[in-house]
Structure formats: C-alpha cells, structure tokens
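Tertiary structure, described
One-letter residues, chain by chain:
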Amino acid sequence: MTDPAENAVDESPHVTTSVARRIQPGREHDFVTWTDAGIALARTFPGFLGGGWLRSTKKPDEYYVVYRFADEDALDDWNSSPVRKAWLSRGEGVAVEYATHRLSGIEGWFEPQHNLTNAVKVVGAPPPRWKQAITIWLGFFPMSLLINVLVLAHLDGVHIVLKTLIGTLINTPLMVYLVLPWITARLAR
C-alpha cells in the first residue's frame, strides 16, 4: 500500500534564483568557503531544494550562486531571515553582488535570455515557442469558453469593446495566478 502523499503532484511553482557576484582579487578561496557556508545554512530552511555555485568561463572573477526553493514564500523566508543577513555580512569584502534573477513557472519563459545571468540560462532555459503557445492555449481556450458562457453571454446590448474588456479583466488574472501555474506544473517534464 502506498502513501497518498507520495503520489501527490506538487502544484506550487518552484523558484530558482541566480545571484551574480564579482570576487575581489585573491579572495576566490574565501568566496567558495563563504558561499558553501551560505548554501549549508539555506539547506536548513523549509522548502530549500538545492543550490550551488558556477564559475564564469569568460570572466574568472565572476561567479553565479544558484538557489532553488519550493515556492516564493520559502525563498522569501530565506531572503528575509536574520541567519542570511548575518551570513551576508560575513561576506563583505569578499565579493560584490551585481545581478539577481528570480524565475518561477511560466514568467521565466518570456524573460529575454540576454537579460539573465548565465546560471539562470543554464538552469531555466525556456522551452521552444511552439511549446509555450500550446501551453498557453491549453489554459486560454477553456477559460475563454467558460467566461463567454458564464459572463459575456449575459451582457446583451453591451458594446463589443466593453465585453472584451470585461472578459480580459477576468481571464488575465485567472490565467496568470491559477491556470498557467497549474498547467506548467503538470507539463514540467
């Protein structure tokens, strides 16, 4: 007999954060030690799924630290924690943070890849456009049909522009906050 919790599908979108840091000359060993300590601390927080660091192939003083959390709340708990603040203060003079990127769910697909650090490009490269289009359509068609039947069909005499405005005002937040995260969690493979 299997535990139902083991077969449950995680519906919350995972969040990947990449922090780009420039290392002070001669401080590489200090940076790696400090970063490994920070990842060990993050490991103690609920929702932490993993992390590590990557060194840039083009700029030897540039490193990317990648964290992955189960959801936004878990990442926010880590980011606002006194433990993290104390850890960051111990790293002063070792490295300078110059970019941070946070990706979760479908919004990462639409971020221009040239805006992202190499670490996020490697971890969160978007699927091909045709897969994005199919995923969006899978949510948009049933939602549009539902809104047309339940809401817009009852607005006889209302101008088409106003009907369209009402439909999109209902559909857009439902798609962004409910439907697309649900669909992308199922199509994650």
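Basis of the calculations
- Residues numbered from 1 in each chain as written.
- Predicted model: local features only at pLDDT ≥ 70, side-chain atom pairs only at ≥ 80, totals over all residues.
- Heavy atoms only, no water.
- Helix = DSSP H or I, 4+ residues; strand = E, 2+ residues; numbered from the N terminus.
- Buried < 20%, exposed > 50% of the residue type's maximum accessible area, 1.4 Å probe, protein only.
- Contact = heavy atoms within 4.5 Å.
- pLDDT = per-residue confidence, 0-100.
- Arc of directions from axis to C-beta.
- Polar contact = N/O pair within 3.5 Å; in protein donor to acceptor, adjacent residues only side chain to side chain.
- Patch = residues over 30% accessible without salt bridge, like charges linked within 9 Å, V, L, I, M, F, W, Y side chains within 5 Å.
- Areas by Shrake-Rupley, 256 points an atom, 1.4 Å probe, with all protein chains shown as cover.
- Salt bridge = Lys/Arg side-chain N within 4 Å of Asp/Glu carboxyl O.
- Bend = angle between axes of the 7 residues up to and from the residue.
- Pairing = 2+ DSSP bridges.
- Phe/Tyr/Trp six-rings, centres within 6.5 Å; stacked < 30°, edge-to-face > 60°.

Now for the overall build of the protein chain. The number of helices and strands found in the protein chain is seven helices and four strands. The linear arrangement of helices and strands in the protein chain, starting from the amino end, is α-β-α-β-β-α-α-β-α-α-α. For the protein chain, the residues scored as buried account for 32% of the 189 residues in total. Considering only contacts in the protein chain between residues 6 or more positions apart, those separated by 24 or more positions represent 69%.

Per-residue pLDDT for the protein chain has a mean of 78; in total, 78% of the residues score no lower than 70. Confidence drops under pLDDT 50 across residues 1–12; counting only partners more than four residues distant or on other chains, this segment forms nine contacts. Below a pLDDT of 50 lies the segment residues 109–124, which in the model reaches 37 contacts outside its immediate sequence neighbourhood of four places, other chains included.

Inspection of helix α3 (residues 72–79) places Ala74, Leu75 and Trp78 among the buried residues, and these make up the whole buried set. Buried residues of α3, viewed axially, fall in a sector of 100 degrees; they line one side. In this structure Asp71 caps α3, since a side-chain oxygen of it lies 3.2 Å from the backbone nitrogen of Asp73.

Another point: a nonpolar patch on the surface. A surface patch of nonpolar side chains, amounting to about 1,000 Å² of accessible area, comprises Trp130, Ile134, Trp137, Leu138, Phe141, Leu145, Leu146, Val149, Leu150 and Leu187. Note on placement: Trp130 falls in helix α6 (residues 129–150). Using a relative accessible area of 54% as the deciding quantity, one classes Trp130 as exposed.

Time to look at helix α7 (residues 160–186). For α7, the principal kink sits at Met175 and spans about 55 degrees. By the burial criterion, the buried members of α7 are Gly167, Asn171, Met175, Val179, Leu180, Pro181, Ile183 and Thr184. Its buried side turned inward, α7 meets α6.

Pairing between strand β2 (residues 48–55) and strand β3 (residues 62–69): seven bridges, direction antiparallel. Across the sheet, residue Gly51 finds its bridge partner in β3, namely Tyr67. Where β2 folds back on β3, the antiparallel hairpin that results is connected by six residues.

Before going further, it helps to examine the side chain of Thr35. As for its position among the elements, Thr35 is in helix α2 (residues 28–42). Judged by its relative accessible area of 0%, Thr35 falls in the buried class. In this view, Thr35 contacts Trp53, Val65 and Trp87; residues no more than four positions away in its chain are not counted.

Let's shift gears to the packing of aromatic side chains. In total, this model carries nine aromatic pairs according to the counting rule given. Considering the side-chain rings of Phe31 and Tyr63, the 4.8 Å spacing of their centres and the 50 degrees angle between planes classify their relative orientation as tilted. With Phe31 in helix α2 and Tyr63 in strand β3, the pair connects residues that are 32 residues apart, well separated along the chain. Neither residue differs from the other here; Phe31 and Tyr63 are each classed as buried. With a centroid separation of 5.4 Å and 20 degrees between ring planes, the pair formed by Trp137 and Phe141 is classed as stacked. A residue pair is termed a helical-turn pair when its members lie 3 or 4 positions apart in one helix, as Trp137 and Phe141 do in helix α6 at four residues. Taking relative accessible area as the criterion, Phe141 reaches 43% and is therefore assigned partly exposed. Joined through ring pairs, the aromatic side chains of Phe31, Trp34, Phe45, Trp53, Tyr63, Tyr67, Trp78 and Trp87 make up one cluster.

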